[in-house]
Amino acid sequence: MPLKLTVDSDRWRKHVQAFAEATPGLVPVAKGNGYGLTLRKLAHQTEWLNELGTGVDTLAVGTYNEVWEVATRFSGSIYVLTPWRPYSPEINPEIADRVIHTISRPEDLPLLLERQPNARVILELVTSMRRHGMTPSDLWPTSAIAHERARFEGVTMHFGLDGGSLAEVRAQMDAVVGAEATTVWVSHLSANELAQLRASYGDIIFRPRVGTGLWLGDRGALTVTATVEDVHPLERGYSYGYRGRSALRAGHLVVASGGTAHGIGLEAPLGDTHLRSRALAVARGGLDAMGQSRSPYTLDGKALWFAEPPHMQESMLMLPSGARVPAVGEELEVRVRYTATSFDEIVLDG
Ligand SMILES: *Cc1c(COP(=O)(O)O)cnc(C)c1O
């Protein structure tokens, strides 16, 4: 049996709806592997949110390559987060009118407008992240072109996860007002910060882009499981694995589905790689001190250790003697990073 994601659909949908209702101007983000849930599912869900009357009229995607997959399932506007470049692929003319481009360099706007006159554009201001974006002094002349020759949909700023962004938005608002933008698209601001901005700038519409909090905000609605495929008793000194390591103590070797091909990595998803915990482990004489790693697989709520680094489609885990030995076919819960995991199967429950 494969690596499986089980979604408690009722519970998941309730969270998504409540989040949308509590987040005015929400722009759902669907990119990459669809936060583990697939782009398709997120596009359908966004269509559903729009039908509920939550005002979710725009869906953001990461790249131009993701546009078509959501365009066939969501009927509103599609906002591409990766800035447009002269090498960006052409958009299918059937949906060109629904696509909103991000312009992060002044020189790109005239080039885009040559290819798609009157295109819908959002202009990106650089933030302390320094990933993409133009300076406030480049924004004004670019916005003049956007007003005249494009459909100017506003200004965007993208912030890191660490907060402190409210002051930064405020510092950029003169540029926004100077560019006569009516909408500001933002990320990673709290509800409270958004409320403060709305109170200060009454005639500007703030639109928060959210992926993680919307789709993965209720982790209890999601369960990831792998299946035990084999169990072998081990005596101390027995050899096992690709590298012919020998067992340092007796126990069991558990082979479970899920490997590097699924995005199962050596690093446990919730840290545990800090020097401090490493030093503590050495002091304890634990398995990690002997170069072994805690795996994301759990048995009866406890983390299991990798016997060796994960293989493409499976992982070998080391069970110390005395632990309950799982049966072949039993499911083990796995803690994963949803955005970096591909599941063999997604099961919708309820
Ligand atoms: C991914 C992304 C978001 C959403 O981030 P989450 O942390 O998943 O909510 C917002 N804005 C931009 C530009 C992004 O690339």
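Our subject in this report is the structure included herewith. Computed from a predicted structure; not experimentally measured.

### Some thoughts on the pairing of strand E4 (residues 77-80)
- On E4, burial covers both faces: Ser77 and Tyr79 on one face and Ile78 and Val80 on the other are all buried.
- Where strand E3 (residues 58-61) and E4 come together, 4 bridges link them in parallel fashion. Across the sheet, residue Thr58 finds its bridge partner in E4, namely Ser77.
- Sheet analysis places E4 next to strand E5 (residues 99-103), joined by 2 bridges and oriented parallel. Considered in E5, the bridge of Ile78 is made with Val99.

### Quick look at the site of the ligand
- Surrounding the ligand, one finds Val29, Lys31, Tyr35, Leu81, Arg131, His158, Ser187, His188, Arg209, Val210, Gly211 and Thr212.
- One nitrogen or oxygen atom from the side chain of Arg131 is found 3.5 Å from an oxygen atom belonging to the ligand.
- In the environment of the ligand, an oxygen atom lies 2.7 Å from a nitrogen or oxygen atom belonging to the side chain of Thr212.
- In isolation the ligand exposes 390 Å². Once the protein is present, 87% of that is buried.
- For the shell around the ligand, the class distribution of residues is 4 nonpolar, 5 polar and 3 charged.

### A short note on the pairing of strand E1 (residues 4-8)
- Counted residue by residue, E1 has 4 buried out of 5 residues, so it is predominantly covered.
- Pairing of E1 with strand E18 (residues 345-349), which is carried by 5 bridges, proceeds in the parallel orientation. Bridge pairing links Asp8 to Asp349 in E18.
- When E1 meets strand E10 (residues 222-234), the two strands line up antiparallel, connected through 4 bridges. Bridge pairing links Val7 to Leu222 in E10.

### A few points about the packing of aromatic side chains
- Summed over the entire model, instances satisfying the criterion amount to 5 aromatic pairs.
- Geometrically, the ring pair formed by Tyr79 and Trp185 is edge-to-face, given 5.1 Å between the ring centres and 70° between the ring planes. Taken together, the positions of Tyr79 in strand E4 and Trp185 in strand E8 (residues 183-187) put the pair 106 residues apart, joining distant regions of the chain.
- Ring plane angle 50° and centroid distance 6.3 Å describe the contact between Tyr338 and Phe343, whose orientation is recorded as tilted.

### What to know about the pattern of salt bridges
- For the coordinates displayed, the defined rule picks out 12 salt bridges.
- Of the charged contacts, one joins Glu331 and Lys4 as a salt bridge, the two residues approaching to 2.9 Å between their closest N and O atoms. Here Glu331 is found in strand E17 (residues 331-334), whereas its partner Lys4 is found in strand E1, with 327 residues between them in sequence.
- With relative accessibility at 36%, the residue Glu331 sits in the partly exposed group.
- Put simply, Arg40 and Glu69 hold a salt bridge, and the shortest N to O gap is 4.0 Å. Residue Arg40 is located in helix H2 (residues 39-51), and its partner Glu69 is located in helix H3 (residues 67-71); the two are separated by 29 residues in the primary sequence.
- It is possible to trace a salt-bridge network through shared partners that takes in Arg85, Arg105, Glu107 and Asp108.

### Digging into the sheet that holds strand E7 (residues 151-156)
- The strand order around the closed barrel formed by 8 strands is E2-E3-E4-E5-E6-E7-E8-E9, and the pairing between neighbours is parallel. Shown here is a sheet whose adjacent strand axes are inclined to one another by a mean of 30°, direction ignored.
- Sitting on the sheet, H2 touches strand E2 (27-30) and E3, and the angle it makes with E2 is about 165°.

### Let's talk about the environment of Gln292
- With respect to the helices and strands, Gln292 occurs in the loop between helix H9 (275-284) and strand E14 (294-299).
- Look at Gln292 and you get buried, because its relative accessible area is 6%.
- The sequence separation of Gln292 and Trp185 amounts to 107 residues, and the corresponding C-alpha distance is 45 Å.

What counts, and where the lines are drawn
- Residues numbered from 1 in each chain as written.
- Predicted model: local features only at pLDDT ≥ 70, side-chain atom pairs only at ≥ 80, totals over all residues.
- Heavy atoms only, no water.
- Buried < 20%, exposed > 50% of the residue type's maximum accessible area, 1.4 Å probe, protein only.
- Helix = DSSP H or I, 4+ residues; strand = E, 2+ residues; numbered from the N terminus.
- Pairing = 2+ DSSP bridges.
- Near = heavy atom within 4 Å.
- Polar contact = N/O pair within 3.5 Å; in protein donor to acceptor, adjacent residues only side chain to side chain.
- Areas by Shrake-Rupley, 256 points an atom, 1.4 Å probe, with all protein chains shown as cover.
- Nonpolar A, V, L, I, M, F, W, Y, C, P; charged D, E, K, R; others polar.
- Phe/Tyr/Trp six-rings, centres within 6.5 Å; stacked < 30°, edge-to-face > 60°.
- Salt bridge = Lys/Arg side-chain N within 4 Å of Asp/Glu carboxyl O.
- Axes fitted to C-alpha atoms, helices over the stretch in contact; angles between N-to-C directions.
- Contact = heavy atoms within 4.5 Å.

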